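Examination of the molecular architecture
Residues per chain, in single letters:
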Amino acid sequence: MTQLQTGTPLLTASDYRRSAQRLVGSDVWDFIEGGAEDERTLAANLRAFDRVRLRPRVLAGVPDADTTVSLFGTAYATPIGIAPTAYHRLVDAEGEVATARGAGRAGALFVVGMFASRTIEDIAAAASSGLWLQLYWLRRRDVMRDLAERAERSGYGAIMLTVDVPRMGRRWRDMRNGFAIGGDVAAVNIEPAVMAEAHRRDEGGSALARHTAGSFDPSLSWADLAWLRDCTRLPLVLKGILTAEDAALAVAHGADAIVVSNHGGRQLDGAVASLDALAEVADAVGGACPVLFDGGVRRGADALAALALGARMVLLGRPPLWGLAAGGADGVAGVLRTATEELAHAMVLAGRAALPDLDRTALRPTSLAGGDA
Ligand SMILES: Cc1cc2nc3c(=O)[nH]c(=O)nc-3n(C[C@H](O)[C@H](O)[C@H](O)COP(=O)(O)O)c2cc1C
Ligand SMILES: CCCCC(=O)C(=O)O
């Protein structure tokens, strides 16, 4: 159990959430918590896990569960990692350096965001578990190439290209708050001219929306992936796949892994809940490459469900930010360890000793149906 300065025992992700909310300004809180438009997909991501029912096996001789997993030749203590999120210094002075330390303590993968507020190199120096770098496709391809090269030089294990943002989802909260990246927080890995719009508060509305409209390349198509592939020897992971059709195209275009994700409900409002897309995508991929998952995972049993449906790894977006805000590296490690302990606990009670033992027989068929929650 983690106990931070608040004195309140932090037993679950929602304990970290409550603790974080007290410490973070309301506009930053809205940026973290918010989703696109009426936040229906954001809500659906969480509700989809409430529908899952497990099928525990008994007398299985499972005194303990093994949560280790390996991906692209790197071993992890847990299949629960950190999804890329921008600007960790919004909630902690050390930002991604503290996140990396926390991930290392938990033996977890940390996917560093393109808009990290600490340098790729400083984050690498603080890490003791695997790091990947996430990229958006910018009009300025030279900037992307430079980041891919720096990641490779610094020992990052993969490039994760986020493919669900040809334009940013409309986030009413940020627009109403006139949200801009302020103070001394910045996307320090990218030259300031590319990022200038993200800091301009004077025009009202979401500065991030203006920034992405100007700097992201919305014309990207499958054929362009070859260019990025040629920039790096690292495995290329595509994040933001929700359909069998796109999963098949990703495999055909040589993706080394894909992430089933609706961007935490922050892009297309009304899009399918992430969990409801997982079985379809895993079936289409058919083992051709690893499938990862994010969206709405808040407890170990949620991770178990996603792993049983075919995910090799499960990523958390908001919860590590709650941990970081509540307690820096300790908070990040606490969130990851809590979820991993819950997963191991659920595995023992379900009679599954190791991650390969998790398959769809662990879930009631109604959980697989891809309901409309
Ligand atoms: C505050 C915030 C910032 C994010 N920034 C990025 C980003 O820079 N790049 C990216 O690919 N995804 C980004 N995401 C999406 C996450 O990687 C992930 O898909 C999503 O948060 C998972 O859902 P969850 O928050 O329910 O776990 C962000 C999400 C949040 C909440
Ligand atoms: C400029 C995009 C900021 C990251 C973010 O908010 C997201 O990807 O959801």
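The name that an unreviewed UniProt entry assigns to the chain is Alpha-hydroxy acid oxidase, with the source organism given as Dactylosporangium darangshiense. Under Cofactor (unreviewed entry), UniProt gives the following word-for-word description of the chain: "FMN". Here is the UniProt Sequence similarities (unreviewed entry) comment for the chain, exactly as written: "Belongs to the FMN-dependent alpha-hydroxy acid dehydrogenase family."

In the neighbourhood of ligand 1, 22 residues make up the surrounding shell, with Pro-84, Thr-162, Asp-294, Gly-296 and Arg-298 lying closest. Measuring from an oxygen atom of ligand 1, one finds a backbone N or O atom of Pro-84 at 2.6 Å. Measuring from an oxygen atom of ligand 1, one finds a side-chain N or O atom of Thr-162 at 2.7 Å. For ligand 1, whose accessible area on its own is 600 Å², the fraction buried by protein is 98%. Broken down by class, the residue content of the shell around ligand 1 amounts to 8 nonpolar, 9 polar and 5 charged.

The subject of this paragraph is the site of ligand 2. Around ligand 2, the neighbouring residues are Phe-31, Ala-86, Phe-115, Tyr-136, Arg-171, His-211, Thr-212, His-263 and Arg-266. In the model, an oxygen atom of ligand 2 is placed 2.5 Å from a nitrogen or oxygen of the Tyr-136 side chain. In the environment of ligand 2, an oxygen atom lies 2.8 Å from a nitrogen or oxygen atom belonging to the side chain of Arg-171. Coverage of ligand 2 by the protein amounts to 93% of the 290 Å² it exposes when considered alone. Looking at the shell around ligand 2, its residues break down into 4 nonpolar, 3 polar and 2 charged.

Time to look at the packing of helix H4 (residues 96-106) against helix H14 (residues 318-350). Where H4 meets H14, the closest approach of the two axes is 7 Å, and the angle between their N-to-C directions is 25°. As far as their axial angle goes, H14 and H4 are roughly parallel. In this structure, H4 crosses over H14, and the sense of that crossing is right-handed. Mapping the contact onto sequence places Ala-98, Thr-99, Arg-101, Gly-102, Ala-103, Arg-105 and Ala-106 in H4 and Leu-324, Gly-328, Ala-329, Asp-330, Val-332, Ala-333, Leu-336 and Arg-337 in H14. Classifying every residue of the contact of H4 with H14 gives 8 nonpolar, 3 polar and 4 charged.

Among the 5 residues that make up strand E7 (residues 131-135), 5 are buried, leaving the element largely enclosed by the rest of the structure. Alternating residues of E7 divide into Leu-131, Leu-133 and Leu-135 and Trp-132 and Gln-134, and every residue in both groups is buried. As paired elements, strand E6 (residues 110-112) and E7 share 3 bridges and run parallel to each other. Within E7, the residue paired with Val-111 across the bridge is Trp-132. Once the chain exits E6 it traverses helix H5 (residues 120-126) before rejoining the sheet at E7, and the crossover so formed is right-handed. Of the pairings in the sheet, the one linking E7 to strand E8 (residues 159-162) comprises 3 bridges and is parallel in character. Across the sheet, the residue bridging to Leu-133 is Ile-159, located in E8.

Each value, and the rule that gives it
- Residues numbered from 1 in each chain as written.
- Chains lettered and ligands numbered in written order.
- Predicted model: local features only at pLDDT ≥ 70, side-chain atom pairs only at ≥ 80, totals over all residues.
- Heavy atoms only, no water.
- UniProt positions renumbered as here; feature names shortened; annotations may be inferred.
- Near = heavy atom within 4 Å.
- Polar contact = N/O pair within 3.5 Å; in protein donor to acceptor, adjacent residues only side chain to side chain.
- Areas by Shrake-Rupley, 256 points an atom, 1.4 Å probe, with all protein chains shown as cover.
- Nonpolar A, V, L, I, M, F, W, Y, C, P; charged D, E, K, R; others polar.
- Axes fitted to C-alpha atoms, helices over the stretch in contact; angles between N-to-C directions.
- Helix = DSSP H or I, 4+ residues; strand = E, 2+ residues; numbered from the N terminus.
- Parallel < 35°, antiparallel > 145°, perpendicular 65-115°, else oblique.
- Left-handed = near helix turned anticlockwise from the far one by under 90°.
- Contact = heavy atoms within 4.5 Å.
- Buried < 20%, exposed > 50% of the residue type's maximum accessible area, 1.4 Å probe, protein only.
- Pairing = 2+ DSSP bridges.
- Right-handed = clockwise from strand over helix to strand, strands pointing away.

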